[in-house]
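# Report on the structure
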Amino acid sequence: MIAEQKYIKKTTAERRKKFAQFFTPEPIAHLMADWLLGSTHLKTLLEPAFGLGVFSRLILQKKEEISITGFDIDPLILKEARKNFPKADNLKLHAEDYLFNDWNNKYDGIICNPPYFKFHDYENKNTLKEIKKHLKIHLSGFTNIHTLFLLKSIHQLKNNGRIAYIIPSEFLNSGYGKHIKQYLLNSKTLRHVFIIDFKENVFDDALTTSAILLLAKDEFHKHIHFSNIKSINDLKEAEKIISSYPHSKGHHTIPAHTIKANIKWRQYYQSLAGSKFKHLIPFNQVAKVVRGIATGANNYFVFNKQKAEAHHIESKNLLPCITRSKDIQTPFFTNRDYQKLANNGANVFLFDGTHSPDKHVKKYIKYGEEQNIHKRYLTSKRNPWYVIENRPPAPILAGVFNRNGLKFVRNEAMIRNLTTFHCIYPCNDLFNKLDINLLFAYLLTDVAREIFDDNRREYGNGLKKFEPNDLNNAQMLDLSQLSAGDSGKILNWFQKYRTSVLEAKEDIKFIEKIDQLLRKKYLQ
Ligand SMILES: C[S@@+](CC[C@H](N)C(=O)[O-])C[C@H]1O[C@@H](n2cnc3c(N)ncnc32)[C@H](O)[C@@H]1O
């Protein structure tokens, strides 16, 4: 990859980042090129995000009689790229935005490592409009640009043609990906998905969460194959799968008509933790998860003691509320914790001016209007604009963003919370059957975490996020299957754990005992 190395030396990281110029490592580029070369129909080739043309270079090495079209929005990189094709007569390079050009041409082979831009990093309104105009499909405003490249390329594929794409795998398991997956399924062109999940950093960070998609416009559309690439050795296996197409199978071969666009595709390529356990029930049979209170203007609505004094707002117009995830440090949030936060000047109150005749409250509302708080997106939809969402305190809270798995909190103080936590309300009839502390004891275990993880959504940077419905739709162990004796043991360990936490000597051994007991009873 001498061309790429030279270019990296010549240019600043800032410039490369601006255009999302990240280069495909050669072993991966080889694999993708071989997919296209496997078709005898390959005469016209399109590279939509050309860069220095690594794919075209590799393909030309094995097949000279080919006409190549390339697009790149950066004229400078194309100028460099031309130097790598001294002999190519059939090379047409366009310094243009791929998504706004060339809609009417079709190709036998399309190969691409598209720019990775998230929806907020590119001018996505006009781009989405352009895609919708040509493809007549609905897309979410959260759609990331690389998946749009893929949709357009499918549209530009000739009969018997093939596509190879390497793109971040996040769309396979995220909300906006639903429309992309539906388009892929409708097109009946998806054949192989290779999930790259290198255990060690073999190439570059950017690759660690990518997928290689291989598509073909042929008659072999009955199955979609999913395979994992975890090491360099697995790349060789992938080569074999590609060279023996259409007779090859992936690690998981799924009948295409059973694959659904609106679910996370992780379940097609990963063994799910949940399948290790018996007696699973949907979490929403036991509890309901909803997001915390959204104010639409936290700076205005959130108070601490000093601000309350400054504006003369009385406590009856201030709702106790957790406003930052940092304010809860342990799995138990008690009245003592809350009082400590309040006394230390933390922002733990929410302004509630509804129906108040108090002149200071009225003055603060007027102040809000002078600041145009009532014209914000959420406040403008409420009547009156300063009314607080009716969301009672929840006995259990769940952290929204986590690096180390889910964080649950037993809200013993029964304080309201903003959106940094989700509210978990155990179902009413739960109290007839299950102790809420038994449920919470379960939530603290690794077993619970593993099973919930089957339903998480991923963000490229390793951050894991659970939306309320990810938890509602997840599964859990059916705790009603436990004998009275086992439930008693769990509750006993749980109380000991609680005491250890409250005394600031957290002893995780008690949770481990609960975890072990559950594994013994529920493992298949
Ligand atoms: C991830 S790099 C891939 C480069 C090369 N194909 C490779 O695999 O090594 C993406 C390339 O797309 C180009 N690019 C960014 N936005 C584009 C657009 N809207 N249309 C065409 N090319 C674009 C960038 O300048 C960059 O060279």
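Summary of the structure given here. These numbers come from a predicted model, not from an experiment. Residue indices begin from 1 for each chain and proceed along its sequence in written order. Reporting of local features is limited, given that this is a predicted model, to residues whose pLDDT is at least 70; pairs of side-chain atoms are given and counted only at 80 or more, and all residues count toward the totals for whole chains, interfaces and linings. Heavy atoms from the whole structure form the basis of all side-chain values; hydrogens and water molecules are not counted.

### Here's the deal with the pattern of salt bridges
A pair is scored as a salt bridge if a Lys or Arg side-chain nitrogen falls within 4 Å of a carboxyl oxygen belonging to Asp or Glu. Counted under the stated rule, the structure contains 20 salt bridges. For the salt bridge of Arg-519 with Glu-450, the shortest nitrogen-to-oxygen distance reads 2.9 Å. Taken together, the residues Arg-519 in helix 20 (residues 509-522) and Glu-450 in helix 17 (residues 446-453) connect sequence positions 69 residues apart. The residue Asp-486 makes a salt bridge to Lys-521 at a minimum N-O spacing of 3.2 Å. Of the two residues, Asp-486 sits in helix 19 (residues 484-502) while Lys-521 sits in helix 20, which places them 35 residues apart along the sequence. Exposure remark for Lys-521: the relative accessible area of 41% places this residue in the partly exposed category. Linked by salt bridges that have partners in common, Lys-276, Glu-450, Asp-515 and Arg-519 make up one network. Helix numbers and strand numbers start at the N terminus; a helix is a DSSP run of H or I with at least 4 residues, a strand a run of E with at least 2. Only protein chains enter the accessibility calculation, which uses a 1.4 Å probe; a residue is then buried when its area is under 20% of its type maximum, exposed when over 50%, and partly exposed in between.

### Thoughts on the sheet that holds strand 7 (residues 210-216)
By this definition, two strands are paired if DSSP reports at least two bridges between them. Reading across from one edge, 3-2-1-4-5-7-6-8-9 is the order of the nine strands in this open sheet, with mixed pairing throughout. Of all the strands in the sheet, just strand 3 (91-94) and strand 9 (252-255) have a single pairing partner and so form its edges. Geometrically, the sheet is characterised by an average inter-axis angle of 15° between neighbouring strands, direction not taken into account. Contact definition: two residues touch when any of their heavy atoms are within 4.5 Å. Axis definition: a line fit to C-alpha positions, over the contact stretch in the case of helices; interaxial angles, taken between N-to-C directions, run 0 to 180 degrees. Across the face of the sheet, helix 9 (residues 232-243) comes into contact with strand 6 (190-196), strand 7 and strand 8 (223-229) while running at roughly 160° to strand 8.

### Overview of the nonpolar core
Among buried residues, the Ala, Val, Leu, Ile, Met, Phe, Trp, Tyr and Cys ones that are joined through side-chain atoms within 4.5 Å form a nonpolar core. Within the largest apolar cluster, 46 residues are counted, with the highest numbers of intra-cluster contacts made by Tyr-165, Val-193, Leu-213 and Phe-226. With six residues, helix 7 (residues 145-155) is the single largest residue contributor to this core. In contact with Leu-213, not counting residues within four places along its chain, are Leu-150, Ile-163, Ala-164, Tyr-165, Ile-167, Phe-171, Leu-184, Leu-190, His-192 and Val-193. Val-447, Met-476, Leu-479 and Ile-490 belong to the second largest nonpolar core, which has 43 residues in total.

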